[in-house]
Amino acid sequence: NESINIIPSIQRRSVKKENSDIVLTNTHKSKGLEYNSVTLADDFIKFEDITEENAQKMNLDEELNLLYVALTRTTNELIIPFGSNRQVLSKLQLY
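Owing to the predicted nature of the structure, the values given are computational and were not obtained by experimental measurement. (Residues numbered from 1 in each chain as written. Predicted model: local features only at pLDDT ≥ 70, side-chain atom pairs only at ≥ 80, totals over all residues. Heavy atoms only, no water.)

Novice: Pulling in residues and values, what's your account of the overall build of the protein chain?
Specialist: Scanning the protein chain from N- to C-terminus turns up five helices and two strands. For the protein chain, the α and β elements follow one another from N to C terminus as α-α-α-β-α-β-α. Across the 95 residues of the protein chain, 24% fall into the buried class. In the protein chain, the share of contacts with a sequence separation of at least 24, taken over all contacts with a separation of at least 6, comes to 71%. (Helix = DSSP H or I, 4+ residues; strand = E, 2+ residues; numbered from the N terminus. Buried < 20%, exposed > 50% of the residue type's maximum accessible area, 1.4 Å probe, protein only. Contact = heavy atoms within 4.5 Å.)

Novice: Could you give an account of the nonpolar core, naming the residues involved and the relevant values?
Specialist: Counting residues in hydrophobic clusters, the biggest one holds nine residues: Tyr 35, Val 38, Leu 40, Phe 44, Leu 66, Leu 67, Ala 70, Leu 71 and Ile 80. Of all the secondary-structure elements, those providing two or more residues to this core are strand 1 (35–39) and helix 4 (60–71). Looking at this core, the element that brings in the most residues is helix 4, giving four residues. (Core = buried A, V, L, I, M, F, W, Y, C linked by side-chain atoms within 4.5 Å.)

Novice: Now, about the side chain of Thr 27: what can you tell me, with residues and values included?
Specialist: Tracing the sequence through the fold places Thr 27 in helix 3 (residues 27–30). Exposure remark for Thr 27: the relative accessible area of 14% places this residue in the buried category. The contact partners of Thr 27, leaving out residues within four places of it in the chain, are Phe 44, Leu 66, Val 69 and Ala 70.

Novice: So what's going on with the environment of Glu 77? Residues and values would help.
Specialist: Its location among the elements puts Glu 77 in strand 2 (residues 74–79). Spatially, the C-alpha atom of Glu 77 lies 8.3 Å from that of Thr 39, the residues being 38 residues apart in sequence. Of note is the side chain of Glu 77, whose polar atom sits 2.8 Å from the side chain of Ser 37. (Polar contact = N/O pair within 3.5 Å; in protein donor to acceptor, adjacent residues only side chain to side chain.)

Novice: Account for helix 4, naming residues and giving values.
Specialist: Since the α-helix turns once every 3.6 residues, residues separated by three or four places project in the same direction. Look at helix 4: 16 Å from first C-alpha to last across 12 residues, which is about the 16 Å you get at 1.5 Å a residue. Within the sequence span of helix 4, burial applies to Leu 60, Leu 64, Leu 66, Leu 67, Val 69, Ala 70 and Leu 71. (Expected span 1.5 Å × (residues − 1).)

Novice: An account of the environment of Ile 80 is needed here, citing residue identities and associated values.
Specialist: Mapped onto the secondary structure, Ile 80 falls in the loop between strand 2 and helix 5 (85–94). By relative accessible area, which is 12% here, Ile 80 ends up buried. In sequence terms Ile 80 and Asp 42 are 38 residues apart; their C-alpha atoms lie 8.1 Å from each other.

Novice: Pulling in residues and values, what's your account of the environment of Leu 71?
Specialist: Take Leu 71: it is sitting in helix 4. Taking the C-alpha atoms as reference points, Leu 71 and Thr 27, separated by 44 residues in sequence, lie 9.5 Å from one another.

Novice: Before we move on, can you summarise the side chain of Ser 30 with the specific residues and values?
Specialist: As for its position among the elements, Ser 30 is in helix 3. A polar contact of 2.9 Å, which involves the side chain of Ser 30, links it to the backbone oxygen of Thr 27. In contact with Ser 30, other than residues within four places in its own chain, are Thr 25, Tyr 35, Val 69 and Arg 73.

This is how it looks when you write it as structure tokens:
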């Protein structure tokens, strides 16, 4: 995978997060932290794939908890590049 091949290059150029303009992290590592702006990746659960039958198999509670953590890390701006904010938030209200 080409993206895996660039990781060493990124690591050599990285700086401490206090001195950086962009922080690339995962939801688990971001718990308890705040950022001025957060852009979510599109690797969260796809809401259109959720049905009552498969919700338990998908660890839906855990997935929604991770999404909640990701959504609440920002102090100013939240960018969700997949779907619309309304679609994401309306699905969250169902669970």
